[in-house]
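Chain residues, written in single-letter form:
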Amino acid sequence: MTEAPDMFKSILEQIQGYQPELEAVEVGYVEEVGDGIARVMGLDNIRFSELVQFTATGVMGIAFNLEKDNVGIIIMGEYDDIQEGDEVRALGRIASVPVGMGMVGRVVDALGNPLDGKGPIEFEEYYPVERIAPGVIERKNVDRPVQTGIVAIDSMIPIGRGQRELIIGDRQTGKTAVAIDAILNQKGEDMYCIYVAIGKRRGEVARLVATLEEYGAMEYTTVVVASASDPAAMQYIAPYAGCAIGEWFMENGKDALVVYDDLSKHAWAYRQVSLLLRRPPGREAYPGDVFYLHSRLLERAAQLSDERGSGSLTALPIIETLLGDVSAYVPTNVISITDGQIYLEADLFYAGQRPALNVGISVSRVGGDAQTKAMKAVAGGLRLDLAQFRSLAAFAQFGSDLDKATQQQLDRGLRLTELLKQPQYQPMPLADQVAIIFAGTQGLIDDIPVNRVKEWQEAFLRTFATQYADIRNEIAETKVLSDENRAKLEEAIKSFNQAWA
């Protein structure tokens, strides 16, 4: 019987010790709703980009327009069940995403919610999706390479850690393929990758994730998805969310690579929500701050100084052009923000030159600073050789009688062009790239028939990996082509050519 008084005593102590807590929550009410936009009255103290929740449905939204008598909210979910007069609560938190090692290998939406069915994400902290870019003093020169494994890019348009390199071209010219190859090549390179899919079909994203899993790339990759069926609000914040995930790695002394695929659809989504919220349209109906939309995103890519931990965030934004028009509004904006561009041309793609890289328009403004010494030693004349080849080829089609030197330049250009062709999802190690470019630029394959150059390349690289593994390993480790190795490599190619038929 002693148990009952003890229980009553315990309950009495809890009642007496109870301290009521008051939580002040700012509440507003929907004044107008439609097309993914809600105008809300009563949220007088809300901040720009603060998250809100529609209590009747649980759908989230972001404060986008702060006006005198109402707040313009972009709704991140289904808005059909939201009614005029519904209660809206400010959550007191700026739009943010979970960051940390727990994000690696996951597929998430623009708010960091898992989409892969692998359960909740273990994360270190939240980062706001909109963050201030590192200042001038916090940065240092870009001087370490991002090896993409694509011969044409690593040799002529090198990308450095902390750089912003635009991939631009018409639809179906291999823009995503270049970015995915770059991600696949980071295996074992101590580089974390974030792929942001903006406005893509869900089936396309599923195939892409399956490819990354097949090649073991999901071990170091995070995929952020705002698909074509998601609201424009999600497509608008997706690249900022992906950038914030990458910034966590950068600020913790690691290297990260983020791909925005693509920023054309991002600009469309921003234009859509801006026009629905009655922001004044400008050129091509984009709002006046469309330049700032991308500059504040891409400026967050940086190589941090030693004092800040030497981490880096490299950005590969993708822009889709219409009929090769690089002078359109959004393409020129992004070209002016980035540190160079990789231009993929439809005519080259259909002619079988893949990747369809136009070497004349493509450029890296960081250039040789981020290139390994071995590659710099062999690829120095490659761009000039190809430029001369293009001008000669254009001239030669009007005449048949060519002198020997011109014919030799044309023949070498054809062979170099063949060497730069590369199948998808087959990135090439640095040492192999150095070897085949050395063979091409030094004229060691001038006697190989053009239609057999790829066959020669495959056979030589097999031999190079086995019989000449010592040279290959030394180039891979030191990233330098010494005079001794240069002589050995030349001898190896010559002896292989004698035996190969």
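For every chain, the first residue of the written sequence is number 1, and numbering continues from 1 onward in sequence order. For this predicted model, a pLDDT threshold of at least 70 governs which residues receive local features, and a threshold of 80 or more governs which side-chain atom pairs are given and counted, while totals over whole chains, interfaces and linings are taken from all residues. The side-chain values count all of the structure's non-hydrogen atoms but skip hydrogen atoms and water molecules.

## Describing the pairing of strand S13 (residues 191–198)
For a regular strand, the rule is simple: side chains alternate between the two faces of the sheet. Where burial is concerned, most of S13 is hidden: eight out of the eight residues are buried. Alternating residues of S13 divide into Met191, Cys193, Tyr195 and Ala197 and Tyr192, Ile194, Val196 and Ile198, and every residue in both groups is buried. In this structure, S13 lies alongside strand S15 (residues 255–261), joined through seven bridges in parallel fashion. Opposite Val196, over in S15, you have Tyr260 as the bridge partner. Note that S13 and strand S14 (residues 221–226) share six bridges and pair parallel. Bridging across to S14, Val196 finds its partner in Val224. Look down the strands so they point away from you; if going from the first strand over the helix to the second traces a clockwise path, that crossover is right-handed. Secondary structure counts use DSSP, requiring at least four H or I residues in a row for a helix and at least two E residues in a row for a strand, with both numbered from the N terminus. Remark: the S13/helix H4 (residues 202–214)/S14 crossover connection has right-handed handedness. Exposed residues in this analysis have more than 50% of their type's maximum accessible area, buried residues have under 20%, and partly exposed residues fall in between, with area computed by a 1.4 Å probe over protein chains only. Two strands pair if DSSP finds at least two bridges between them.

## Comments concerning the pattern of salt bridges
Take a side-chain nitrogen of Lys or Arg and a carboxyl oxygen of Asp or Glu: if they are within 4 Å of each other, that pair is a salt bridge. In total, this model carries 28 salt bridges according to the counting rule given. Among the salt bridges present, the one from Asp306 reaches Lys140, with a minimum N-O distance of 2.8 Å. With a gap of 166 residues between them, Asp306 in the loop between strand S16 (302–303) and strand S17 (312–320) and Lys140 in the loop between strand S9 (125–128) and strand S10 (145–146) connect regions that are remote in the sequence. Looking at Lys140, the relative accessible area reads 32%, which means it is partly exposed. Note that Asp261 and Lys200 form a salt bridge whose closest N and O atoms lie 3.4 Å from each other. Taken together, the residues Asp261 in strand S15 and Lys200 in the loop between S13 and H4 connect sequence positions 61 residues apart.

## Some points on the layout of surface pockets
Cavities and pockets were defined on a 1 Å grid built over protein atoms only: a cavity is a set of grid points that admits a 1.4 Å probe from which the probe cannot escape, a pocket is an open set flanked by protein on both sides within 12 Å along at least five of seven lines, and lining residues are those with an atom within 4 Å of any such point. Grid points are joined across faces, edges and corners, and a volume is the space filled by probe spheres set on the points. Estimates place the volume of the largest pocket at around 870 Å³. Around the largest pocket, the lining comprises 33 residues; the ones closest to its centre are Gln172, Gly174, Lys175, Thr176 and Ala177. Broken down by secondary-structure element, the contributors of at least two residues to the lining of the largest pocket are helix H3 (175–184), H4 and S17. Residue polarity follows a fixed list, in which Ala, Val, Leu, Ile, Met, Phe, Trp, Tyr, Cys and Pro are nonpolar, Asp, Glu, Lys and Arg are charged, and the others, Gly among them, are polar. When the residues that make up the lining of the largest pocket are grouped by side-chain class, the tally is 13 nonpolar, eight polar and 12 charged.

## Observations regarding the pairing of strand S6 (residues 87–94)
Summarising the sheet, strand S1 (residues 27–34) and S6 pair through three bridges and their orientation is antiparallel. Paired with Gly28 across the bridge in S6 is Val88. Taken together, the four bridges between strand S3 (residues 50–54) and S6 define a ladder with antiparallel strand orientation. Bridged to Val52 within S6 is Ala90.

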